[in-house]
Amino acid sequence: MRLRLAVLASGRGTNLQALIDASKTGEIPAEIAVVISDKKEAIALKRAKDNGIPAVYIDRNNFGCKELFESTLLDEINKYDCDLVCLAGFMRILSPYFLANSEQKIINIHPSLLPAFPGLHAQKQALEYGVKFSGCTVHFVDKGVDSGPIILQAVVPVYENDTEESLSERILREEHRLYPLAVSLIAQGRVKVEGRKVWIS
Ligand code: GRF
C-alpha cells in the first residue's frame, strides 16, 4: 500500500519537488495526497498544481487563534486521508494542540546536524560558530523546536570561503536525497521509535 503524504510548505518547495519526483519514479512507495501552505504565493503550491496534486492555501489571518488555524489544518490533512505529515520549509511552529490531535506522525527536515543549530538560519549559525562539518537532519516532530527523535542525517564539509548561500546549496543537495530516503524507509515500515532513539531495520 502506498503511503499518503501531506506536505506542509511555506516557500519555494524544492524539498517538496524532491518528494514529488521520488514518488513519481517509484523511488518512494508513497504519493503526495495534498500540499498545504500558509502562504498564498508559495512556489510550493504552484509545484503541487503543476503536478496535479491538490494545493490548499490556509490563511492564518482568517482565524482568531492558533488552535482554530491548526484545527483547519488537521481537517484538511484528514480529508485527504493522509498517513504521514512532512514539513518542508513550513515556517510555523506546530503547537502541542496540533501534535496531540494529529492522527499522523509528523516529520521535518532541518538544514543542520541537530541538535546543533536549531531554529532559523541554521546555515548562518553553523558558519558563525566555525564548525568544519554541517549537514541536514530528518526528524520526528515533537513539541520542541527541531528537537524530536532523529531519523537520518547527512554530513557536508564547511569550507573557509563558504558563504551562507554556498553552504546552504551544498546542504540542500543532501536534503533532496535524504528526505525521500527517510519517507521511503517509513513507507516500508522500517522505522521504529523508542523514546529518543529511532531504529532502522
Ligand atoms: C530547507 O532548507 C529545509 O531544511 C528547511 O527549510 C528549507 C526549505 O526549502 N526546513 P525548500 O522550500 O524545500 O526549498
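Notes on the structure in this doc start here. (Residues numbered from 1 in each chain as written. Predicted model: local features only at pLDDT ≥ 70, side-chain atom pairs only at ≥ 80, totals over all residues. Heavy atoms only, no water.)

1. Describing the overall build of the protein
Piece 1. Counting secondary structure elements, the protein contains 6 helices and 9 strands.
Piece 2. The dimensions of the protein, computed from C-alpha atoms along their principal axes, are 50 × 40 × 35 Å.
Piece 3. The buried share of the protein, reckoned over its 201 residues, is 50%.
Piece 4. The contacts in the protein between residues at least 6 apart in sequence include a share of 62% that link residues at least 24 apart.
Piece 5. Carbon and sulfur atoms make up 52% of the accessible area of the protein, which totals about 10,100 Å². (Helix = DSSP H or I, 4+ residues; strand = E, 2+ residues; numbered from the N terminus. Buried < 20%, exposed > 50% of the residue type's maximum accessible area, 1.4 Å probe, protein only. Contact = heavy atoms within 4.5 Å. Areas by Shrake-Rupley, 256 points an atom, 1.4 Å probe, with all protein chains shown as cover.)

2. A few points about the nonpolar core
Piece 1. In terms of nonpolar packing, the biggest core is built from 44 residues, with I32, C86, I107 and I151 touching the most fellow members.
Piece 2. Element by element, the count of residues in this core is highest for helix α6 (residues 164-187), at 9 residues.
Piece 3. Of all hydrophobic cores here, the second largest spans 20 residues; its members include V34, V56, F90 and L94. (Core = buried A, V, L, I, M, F, W, Y, C linked by side-chain atoms within 4.5 Å.)

3. Observations regarding the site of the ligand
Piece 1. Around the ligand lies a shell formed by R12, G13, T14, N15, G89, I109, H110, P111 and E175.
Piece 2. Within the side chain of R12, an N or O atom sits 2.6 Å from an oxygen atom of the ligand.
Piece 3. Contact between the ligand and T14: an oxygen atom at 2.5 Å from a side-chain N or O atom of the residue.
Piece 4. Bound to the protein, the ligand loses 86% of the 370 Å² it would expose on its own.
Piece 5. Put simply, the parts of the chain that give the shell around the ligand at least two residues each are α1 (14-25) and β5 (105-110).
Piece 6. Considered class by class, the residues forming the shell around the ligand number 2 nonpolar, 5 polar and 2 charged. (Near = heavy atom within 4 Å. Polar contact = N/O pair within 3.5 Å; in protein donor to acceptor, adjacent residues only side chain to side chain. Nonpolar A, V, L, I, M, F, W, Y, C, P; charged D, E, K, R; others polar.)

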